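Observations on the three-dimensional arrangement
Spelled out from the first residue to the last, the chains are:
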Amino acid sequence: MILKYFYDKKLAQASYMVGCAATGEALMIDPSRDVRPYLEAAAAEGLRITHVTETHIHADYVSGTRELSAQTGARKYLSDMGDEMWKYQFVDDNTVLLRDGDWWMVGNIRVDVIHTPGHTPEHIIFQITDAKLDKPMGLFTGDFLFVGDVGRPDLLEEAAGIANTREIGARDQFRNVEKFKQMPDYLQVWPGHGAGSACGKALGAIPSTTLGYEKLFNPAFQFNNEDKFVDWLLEGQPEAPRYFAQMKHVNKVGPALLSDVPEVPHLNHDDLVKLLSDGALVFDMRDRASFSKAYVPGSINVPEAEGGCVNYVGWFVNYEQPVYILAEDDAIEMILDNFKAIGVDNVAGYFTPEVIHGETATLPTIDANGLVGNLDQFVVIDVRGASEYKTRHIAGAQHIPLGYLPKYLDQIPRDHTVVTQCASGHRSQVAASLLRRYGFENVINLNDSMENWSKVLETEEA
């Protein structure tokens, strides 16, 4: 058996290849949309990708199942669990629909299907067994079981707007955990996400684990009372990015093939000025220092090189309208790939830094020492997540998570100087540029670390 692990740090997302060395067949589990790494790995191992599957209808990235099947001819294996709301709509003659208890062979490897609703109603996981042995090796657990956590059950309500599903999903997760308490400790666990994913609240950074280890140390396995488990699971989940609802739709109906995504033209300064004057959404992906020094008013700074850019773009993009990017020429291709990973295919043009001339603006910054003794002169907006704010925040700071800023602009006074603040200066820079786009003239970014501002400024807990 050949097992290959693929990990996208930006999305904290894992994909897996399981290959049979004897027959040369391979199965891909939970592929992302950019299938090039899988094709390269298969070629290097002398494998053919003949099967492709996924654990559920993903919310945080565009699935590569359809793309990989189109490029390789691999047969698609898709969940047929859940009600009519959770049925895939790109089923064709090359698709096998899966129910709890189904199994199939990939060469000499047996793949068994286990239905684990809770994160989503149709969620399934895969148990693999070498046909020469009488016991399974491990489990590809998708978004049911992570290292140190289980998948959140509230995304359908938070992101997809399906009311009254949080508690139902949480109780399903309790039953899943109870069932897995009875399974062998030796089973390896290969989860669908790692630390940084919004699909749980406390995911570990280790790429794999064992079921026995999770029974000992995963908080979800320490509960015997269902109601207490439900309370624990629903408390403290991170804010669900707005684009998750779009991903659910895209992955259900079937993502567009990359060959159908149009090329993106290179535009000029006059194009930029006109587009911004018309209210177009332009993401300036340069680093914080470059943007602060000079930017074209109306653009939003989402520094690509500092990580997390995909998630922040997903908060603000409108999938029904075109978007534009401004970045260094050698970063354009990678940024476009990152946008496609969350289905932002309607990029109508890109700009490179030479367009930044004429009427430009600067974005002032300040460090924590500059606020000492002067806090009463500013309105501090803390744009971190709710759990971060509750743990410790600057005394008197108003809390509005970054992704929610456009909804709460009327709660921010325009006749005061606003200081945006996070844990490093990165998210707060995104926030400051966003406020500038919406007409806030006096905005300063607190370009400082939590370690420093928590030392020199008065702080409190929520």
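In what follows, the structure referred to is the one given above.
Here's a quick rundown of the structure. Just so we're clear, the structure is a prediction, and the values are computed from it rather than from any experiment. (Residues numbered from 1 in each chain as written. Predicted model: local features only at pLDDT ≥ 70, side-chain atom pairs only at ≥ 80, totals over all residues. Heavy atoms only, no water.)

Digging into the overall build of the protein chain
Put simply, the rule reads: In this text, helices come from DSSP runs of H or I with a minimum length of four residues, and strands from runs of E with a minimum of two, each type numbered from the N-terminal end. Our radius of gyration looks at C-alpha atoms and nothing else; its globule reference is 2.2 Å times the residue count to the power 0.38. Relative accessibility under 20% of the residue-type maximum defines a buried residue, over 50% an exposed one, and the middle range a partly exposed one, all with a 1.4 Å probe and only protein chains included. By definition in these notes, contact holds between two residues if any of their heavy atoms fall within 4.5 Å. For every accessible area listed, the method is Shrake-Rupley and the probe measures 1.4 Å; residues are considered covered only by the protein chains on display.
Summing up its helical and strand segments, the protein chain has 14 helices and 25 strands in all. The C-alpha atoms of the protein chain give 24 Å as radius of gyration, which agrees with the globular expectation for 462 residues (23 Å, within 12%). Along the first, second and third principal axes, the C-alpha set of the protein chain runs to 70 × 50 × 40 Å. Buried residues in the protein chain amount to 56% of all 462 residues. Long-range pairs, those at least 24 residues apart, make up 67% of the contacts in the protein chain with a sequence separation of at least 6. For the protein chain, the computed accessible surface area is about 19,300 Å², with 48% contributed by carbon and sulfur atoms.

Looking at the packing of aromatic side chains
Operational definition: By convention, a stacked pair of Phe, Tyr or Trp rings (six-membered ring in the case of Trp) has centres within 6.5 Å and planes under 30 degrees apart, an edge-to-face pair has planes over 60 apart, and any other such pair is tilted. In our convention, an over-ring charge means Lys NZ or Arg CZ found within 6 Å of a ring centre and within 35 degrees of that ring's normal.
Within this structure, the stated rule accounts for 19 aromatic pairs. With a centroid separation of 4.2 Å and an interplanar angle of 15°, the aromatic rings of F291 and Y295 are classed as stacked. For the pair F291 and Y295, one class covers both residues: buried. A connected cluster of aromatic rings, assembled from ring pairs, spans Y5, Y7, Y16, F140 and W190. Note that R110 overlies the ring of W103, its terminal NZ or CZ placed 4.1 Å from the centroid. It is R414 that lies over the ring of F440; its NZ or CZ is 3.9 Å from the centre.

Observations regarding the pattern of salt bridges
Pairing between side chains becomes possible if they bear opposite charge and their charged atoms approach one another. Where we set the bar: Put simply, a salt bridge is a Lys or Arg side-chain nitrogen that is within 4 Å of an Asp or Glu carboxyl oxygen.
By the definition in use, this model includes 23 salt bridges. For D154, the salt bridge identified is with R152, shortest N-O distance 2.7 Å. The class for D154 is buried, based on a relative accessible area of 3%. Take R152: its relative accessible area is 1%, and that puts it in the buried class. Within the structure, one salt-bridge network assembled from shared partners comprises E167, R171, D172, R175, E226 and D227.

It is worth stressing that arrangement in space is one thing and function is another; only the former is reported here.
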